[in-house]
Amino acid sequence: MRERKAFSLDRTFLIDLTRCTGCRGCQVACKEWNQMEAEKTAFFEGEGYQNPLAMSEHTLTRIKFRDYQKDGRNEFAFYKEMCMHCNQPACASVCPVGAFRKTPEGPVIYDAKRCIGCRFCMVACPFGVPKYQWSKTLPLVVKCTGCYSRVKAGLVPACAKACPSAIVYGNRRDMVDEAQRRLAAWPAKYINRIYGLGEAGGTSVLYLSELPFDELGFKNVTSRPLPSYTWAALRLVPGIFMGVGASLTFISWLTQRKDRLRNEEETRKAAPARPEEK
Amino acid sequence: MIAVARIREEVGGYPRFVKFLMVLIGVGVICALARFVFGLGALTNLNDTYPWGLWVAFDVVTSVPLAAGAFIVGAIVHCFNIKKLEPLVRPTIVTGFLGYSLVCVGLLLDLGQPQRAWHVFIYPNLRSPMLEVSMCIMSYTAVVFLEFLSPVCEKFGYRVPLRLLRHMQLPLVVLAAAIATLHQSSIGTFFLIAVDKLHNLWYTPVLPLLFWISAVFTGLSIVIVEAIMVHRHLGQPDETGLLATLARIIPWLLAIYLVLKVYSLIFLSQRPLFDRPVLTVLFLVEIGIGVIAPLIMFLQRRIRTDGRLQLRAAGLIVFGLALNRFNVSIFGMVQRNQHVYYPTVPESLVTIGIISADVFFFFLIARYFPIFEHHPEAADYRIPDRFRRITEYPVPEKTGRRV
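Keep in mind it's a predicted model, so treat the numbers as computed, not measured. (Residues numbered from 1 in each chain as written. Chains lettered and ligands numbered in written order. Predicted model: local features only at pLDDT ≥ 70, side-chain atom pairs only at ≥ 80, totals over all residues. Heavy atoms only, no water.)

### A closer look at a nonpolar patch on the surface
Residues and elements named next belong to chain B.
Move 1: There is a patch of nonpolar side chains on the surface, built from Phe17, Phe20, Val23, Val27, Ile355 and Val359 and spanning about 520 Å² of accessible area.
Move 2: When residues of the nonpolar patch are traced back to their parent elements, those giving at least two are helix H2 (16-38) and helix H15 (345-368).
Move 3: With four residues, H2 is the single largest residue contributor to the nonpolar patch.
Move 4: Mapping Phe20 onto the fold places it in helix H2. (Patch = residues over 30% accessible without salt bridge, like charges linked within 9 Å, V, L, I, M, F, W, Y side chains within 5 Å. Areas by Shrake-Rupley, 256 points an atom, 1.4 Å probe, with all protein chains shown as cover. Salt bridge = Lys/Arg side-chain N within 4 Å of Asp/Glu carboxyl O. Helix = DSSP H or I, 4+ residues; strand = E, 2+ residues; numbered from the N terminus.)

### Structural notes on the pattern of salt bridges
Move 1: Scanning the model with the defined rule gives 16 salt bridges over all chains in all.
Move 2: The partner of Asp110 of chain B in a salt bridge is Arg119 of chain A, and the shortest N-O contact between them spans 2.8 Å. One end of the pair, Asp110 of chain B, is in helix H6 (residues 89-110); the other, Arg119 of chain A, is in the loop between strand S5 (108-110) and helix H3 (120-124), on a second chain.
Move 3: On the basis of relative accessibility, which here comes to 4%, the residue Asp110 of chain B falls in the buried class.
Move 4: Residue Arg119 of chain A is classed as buried on the basis of its relative accessible area, which comes to 1%.
Move 5: Its salt-bridge partner being Asp259 of chain A, residue Arg262 of chain A comes within 2.9 Å of it at the nearest N-O pair. Of the two residues, Arg262 of chain A and Asp259 of chain A are both situated in helix H9 (residues 237-270); the distance of three residues between them amounts to about one turn of the helix.
Move 6: Owing to a relative accessible area of 8%, Asp259 of chain A belongs among the buried residues under this scheme.
Move 7: Here the salt bridges do not stand alone but share partners, grouping Asp16, Arg19, Glu178, Arg181 and Arg182 of chain A into one network. (Buried < 20%, exposed > 50% of the residue type's maximum accessible area, 1.4 Å probe, protein only.)

### Notes on the interface of chain A and chain B
Move 1: The partner chain B presents 62 residues to the 59 residues of chain A that form the contact.
Move 2: Where chain A touches chain B, the interface holds two salt bridges.
Move 3: The salt bridge partner of Lys83 of chain B is Asp259 of chain A, with a shortest N-O separation of 2.8 Å.
Move 4: Where chain A touches chain B, the interface holds 29 residue pairs in polar contact (both at pLDDT 80 or more).
Move 5: Elements with a contribution of two residues or more to the side of chain A that touches chain B: helix H2 (90-94), H3, strand S6 (131-132), helix H8 (227-234) and H9 of chain A.
Move 6: Ranked by residue count, the leading element in the side of chain A that touches chain B is H9 of chain A, at 14 residues.
Move 7: For the side of chain A that touches chain B, a count of residues per class yields 36 nonpolar, 15 polar and eight charged. (Contact = heavy atoms within 4.5 Å. Polar contact = N/O pair within 3.5 Å; in protein donor to acceptor, adjacent residues only side chain to side chain. Nonpolar A, V, L, I, M, F, W, Y, C, P; charged D, E, K, R; others polar.)

### Points about the confidence of the model for chain A
Move 1: When pLDDT is averaged along chain A, the result is 91, and 96% of the positions lie at 70 or above.
Move 2: For chain A, per-element mean pLDDT is lowest for strand S2 (residues 62-70) of chain A, which scores 89, and highest for strand S9 (residues 205-208) of chain A, which scores 97. (pLDDT = per-residue confidence, 0-100.)

### Section: the sheet that holds S9 of chain A
Pairing between sheet strands relies on hydrogen bonds along the backbone, with the strands arranged either parallel or antiparallel.
All names here are of chain A.
Move 1: The mixed open sheet is built from three strands, whose spatial order is S8-S1-S9. Of all strands in the sheet, those bounded by a partner on one side alone are strand S8 (167-171) and S9. The sheet shows a mean angle of 20° between the axes of neighbouring strands, direction not considered.
Move 2: Taken together, the five bridges between strand S1 (residues 11-16) and S8 define a ladder with antiparallel strand orientation. Across the sheet, residue Thr12 finds its bridge partner in S8, namely Gly170.
Move 3: The sheet contacts of helix H6 (residues 172-185) involve S1, S8 and S9, and relative to S8 the element is tilted by about 135°. (Pairing = 2+ DSSP bridges. Axes fitted to C-alpha atoms, helices over the stretch in contact; angles between N-to-C directions.)

This is the structure in structure tokens:
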């Protein structure tokens, strides 16, 4: 994976969950733009108002509802689930065929033509984003592309375009500045934390929230880039291969040599009384 | 038609247990074919929460260390030159070859796009542990296949390839050990990326090393189990004396493993460790029954030299390893308040079919190829130091008689 010094120019979502109204325009826009199949759902299947139950092969983004009480009044909080477009994506590092790629523009995209369907990306992703076409005979992985085709054409992603209030889209540096400005301007309104700033080594989706993030269903994710965990072991591979090979070869040479010397000794003893040896 | 009749007669003569295995294999094959008709989602209980299930946990993550005997015994006999263990080598190589071939089968069934498996050659991502393991498993299968060719050539009396294989033997053994070390440990590397998913009892940066050590002592235990089974059921000579030599190596490895495991739990793991009762029990069973109990058993000379007790202790190790691999790849991954994965019936039948195929093909090879009669106490396994004399090198006596 290409190491980039700074991700400050990557296109980034700033999602202010306090400004989200739960209209789910983003869900609809995503389905429309990506031509995703509809899902048959029923209300209150799951824990709350959210619909469908979870992100899936047909649903790349979803608004999760959480009701809670504040000053004796019922309130709603929302969480827009989607791919976090990590700066150093775990999915890209573990994929044996390099089907995932962090683009210079920011989005992490998936090349379905390469995928062999091993599902390591699903195990590796700390956010549980890649989904699988379980209904198909020869399934592929499905995941939010950050509307890469739109971004390349100079447009903003479909969900960001459709969102009336909560999503701002721009350079990561500007989005971080904006998030910090909001946290400073309304300290009472927000939990003082930008989710995505350090998670998994930093992501191209940043969240602000009024409720603690874990209450909304955000996962607690390490701040160390995930590829570095496997690389710590994997970088030793050539050394171990050469080391094991060389030491075993050396040991074999030693033991065979001992054998040969012993054999020679025995032959010498077996053929005694050679005049020059006296 | 005569050929068919002869095959039918031959198969009719197999023991009943083997015929039962054939039925299990048949059922497994049907279920495996159903996977390609109805899809992974319909046949298995896999879903987006549990992308890896029984097929990965057993057919790959557990089977690979279970087939590890070949590289260890090969290295002990040929590199460390402990020739008296030679009679154990061939059966182990057969097990290794069968085990790895079936790992490949299991892997192909589990892939969503098995027809694209060759993509690993044209789009390799060198940062992926999966790439490394798939490359290693393929090359290792090839190496063990070459090692396995010796009895085949002996059977048919092909002298030239036999001589060639004899010269390649030591390099192959070294290569097999190097490749096996890599992929046995890299299967542990798989789970290093699951840093926020795998429970602290199992997540540790030294997981690859733990996987490698446990593969080594399990490989040795499997050799013990297999030799005793073969003695009991295929009427081969009792090798208890030789197995006692292997059994002397095992407690050292178990002790190193235990120390490393405890060290990693105390100094390298995140807290909390014992917050989930079920996982704690699984962990204690794995360590208590799978590591500490056999360690105590194998430390006693009485148990090391007794065929029945050897089998029990080795069986405990194998059980402990399987539980460990399941803990790492499935149970330890279950988050709080998450539904628990269990395999469907057809999913399990495929795995049972694969295990049966392992035993069945071992039976077939043992029946038709000289893998036990090979007791070459007198055989000369030195590296030929004068390659010019290659044509004068003696063909093993055994072959001479067979031809």
